[in-house]
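In case you want the letters, here they are:
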Amino acid sequence: MRVLLTGANGLLGSNIARHLLKRGIEVNAIVRPTSNLISLKGIDINLIEGNFLNSTDVRKALEGCEIVIHAASSTSQKQGSYESHKAINVDGTDLLLELSLNAGVDRFIYVGSSNAFSPGTKENPGNEYSPFSDFQYCSNYMRSKYEAQQHVLQFYKNYNFPVVVVNPTFMLGKYDSKPSSGQILLMSYRRRFMPVPVGGKNFIHVEDVATAIVNSIEKGELGECYLLGNENLYLSSFYDKMKSVCGYPQHQIKLPSISLKLAGYGADIWSKMTGKHSDFNSVNAKLLSSEYFYSSEKAVRKLDLPQTPIEIAIEDALEWFAESGIISGKMEKL
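Here the structure is a predicted model, which is why all the values come from computation and not from measurement.

Conventions we followed
- Residues numbered from 1 in each chain as written.
- Predicted model: local features only at pLDDT ≥ 70, side-chain atom pairs only at ≥ 80, totals over all residues.
- Heavy atoms only, no water.
- Helix = DSSP H or I, 4+ residues; strand = E, 2+ residues; numbered from the N terminus.
- Rg over C-alpha atoms; globule rule 2.2 N^0.38 Å.
- Buried < 20%, exposed > 50% of the residue type's maximum accessible area, 1.4 Å probe, protein only.
- Contact = heavy atoms within 4.5 Å.
- Areas by Shrake-Rupley, 256 points an atom, 1.4 Å probe, with all protein chains shown as cover.
- Pairing = 2+ DSSP bridges.
- Axes fitted to C-alpha atoms, helices over the stretch in contact; angles between N-to-C directions.
- Salt bridge = Lys/Arg side-chain N within 4 Å of Asp/Glu carboxyl O.
- Phe/Tyr/Trp six-rings, centres within 6.5 Å; stacked < 30°, edge-to-face > 60°.
- Lys NZ or Arg CZ within 6 Å of the ring centre and 35° of its normal.

1. Some thoughts on the overall build of the protein
Logical step 1: Within the protein, the secondary structure is distributed over 12 helices and 13 strands.
Logical step 2: For 334 residues, the compact-globule formula gives about 20 Å, and the C-alpha radius of gyration of the protein, at 19 Å, lands near that figure.
Logical step 3: When the backbone C-alpha atoms are referred to their principal axes, the protein occupies close to 55 × 40 × 40 Å.
Logical step 4: Counting the 334 residues in the protein, one finds 53% classified as buried.
Logical step 5: Across the protein, the fraction of contacts at a sequence separation of at least 24, relative to all contacts at a separation of at least 6, is 78%.
Logical step 6: A total of about 14,700 Å² of accessible surface is found on the protein, and carbon and sulfur atoms cover 50% of it.

2. Brief notes about the sheet that holds strand β6 (residues 163-168)
Two pairing modes exist for strands in a sheet, parallel and antiparallel, and in both the strands are linked by backbone hydrogen bonds.
Logical step 1: Taken in spatial order, the seven strands line up as β3-β2-β1-β4-β5-β6-β10 in an open sheet, and their pairing is parallel. Of all strands in the sheet, those bounded by a partner on one side alone are β3 (46-49) and β10 (225-228). Put simply, the sheet's adjacent strands are angled 20° from each other on average, direction ignored.
Logical step 2: Both strand β5 (residues 107-111) and β6 contribute to a ladder of four bridges, which runs parallel. Bridge pairing in β6 links phenylalanine 108 to valine 163.
Logical step 3: Strands β5, β6 and β10 of the sheet are contacted by helix α5 (residues 140-159), whose axis makes an angle of about 160° with β6.

3. Here we look at the pattern of salt bridges
Logical step 1: Counted by the stated rule, this structure contains nine salt bridges.
Logical step 2: With its nearest N and O atoms 2.9 Å apart, the salt bridge here joins aspartate 91 to lysine 86.
Logical step 3: Aspartate 91 sits in the partly exposed class, given a relative accessible area of 32%.
Logical step 4: Residue lysine 86 is classed as partly exposed on the basis of its relative accessible area, which comes to 25%.
Logical step 5: Here lysine 302 and glutamate 221 are joined by a salt bridge, their closest N and O atoms 3.2 Å apart. Of the two residues, lysine 302 sits in helix α11 (residues 297-303) while glutamate 221 sits in the loop between α7 (206-219) and β10, which places them 81 residues apart along the sequence.
Logical step 6: Under the relative-accessibility criterion, glutamate 221 is labelled partly exposed at 36%.

4. Here we look at the packing of aromatic side chains
Logical step 1: On inspection of all chains with the given rule, the structure shows 12 aromatic pairs.
Logical step 2: Centroid distance phenylalanine 155 to phenylalanine 161: 5.5 Å. Interplanar angle 85°. Geometry classified as edge-to-face.
Logical step 3: With relative accessibility at 12%, the residue phenylalanine 155 sits in the buried group.
Logical step 4: Site record: aromatic cluster; members linked through ring pairs are Phe108, Phe155, Tyr159 and Phe161.
Logical step 5: Positioned above the aromatic ring of tyrosine 82 is the side chain of arginine 143, whose terminal nitrogen or guanidinium carbon lies 3.7 Å from the ring centre.
Logical step 6: The aromatic ring of phenylalanine 170 is capped on one face by lysine 201, whose charged end is 4.2 Å from the ring centroid.

None of this, on its own, says anything about what the molecule does.
Rendered as structure tokens:
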């Protein structure tokens, strides 16, 4: 069996590639010529230079592939023009669906986002039946991932095309070369004081996500969505876990939601005045102040989604950052 994997050099993609190889599955990975490939160092996959937005490149990469795992996307939190997110996350997915259909692939696994569903509280977490909210529509990233997911599911209905959708929550672990979600660790590592918002989110070890995605090749039900998450944690609890692993951050400073939201609106005004957009804005300020909790009961039951403690995900991520020189010296442990 051979799989075409997009986004192979990202945090999730590099873990998926390793899990596929462990099961004896060949991997075609389409990567841009300028891509940072440190996360793929030492593994035997077929690297095909190109862009998944280019039909000629995709046709070449699809040769001999029975399965497509589409993990590439724009995860930028900037609130500029929606078109830049749409071009990659929606239009790129549409193109890959069409070419995969024409190539006669046996299964198309779309890696969406937990943000395609409304979150909930700890007592009543969101699930695969929670509708997308008006607030989520305000985020270019969330909106584009939701719209791409709807296109995938509609494509399944229109053409009886074998698709499965997986929706990871916030992932941590090895091979985060960008770094992406690991920034939450880097910005607090070796810090004495850390401002901490009052909100929370669902965390999961990236290897657990990769395992469930590879499992979905055989176990995923066509046309179904699966939330891939683990622990619902307030950010203060998350940093308590981080401190138990490495001793940092040493002290938390609770950041009131009103202060964070005012700063977010200030960032919006600055963006309008300068035309420059940052990852921090009023949308993300509200996210950091909110409970973003989900249930992964369906994926645990149907895809055998593992539930590795988040402390191990934190330790694995920090150890890889140290080995890669992203943080200096050997990771300190308690």
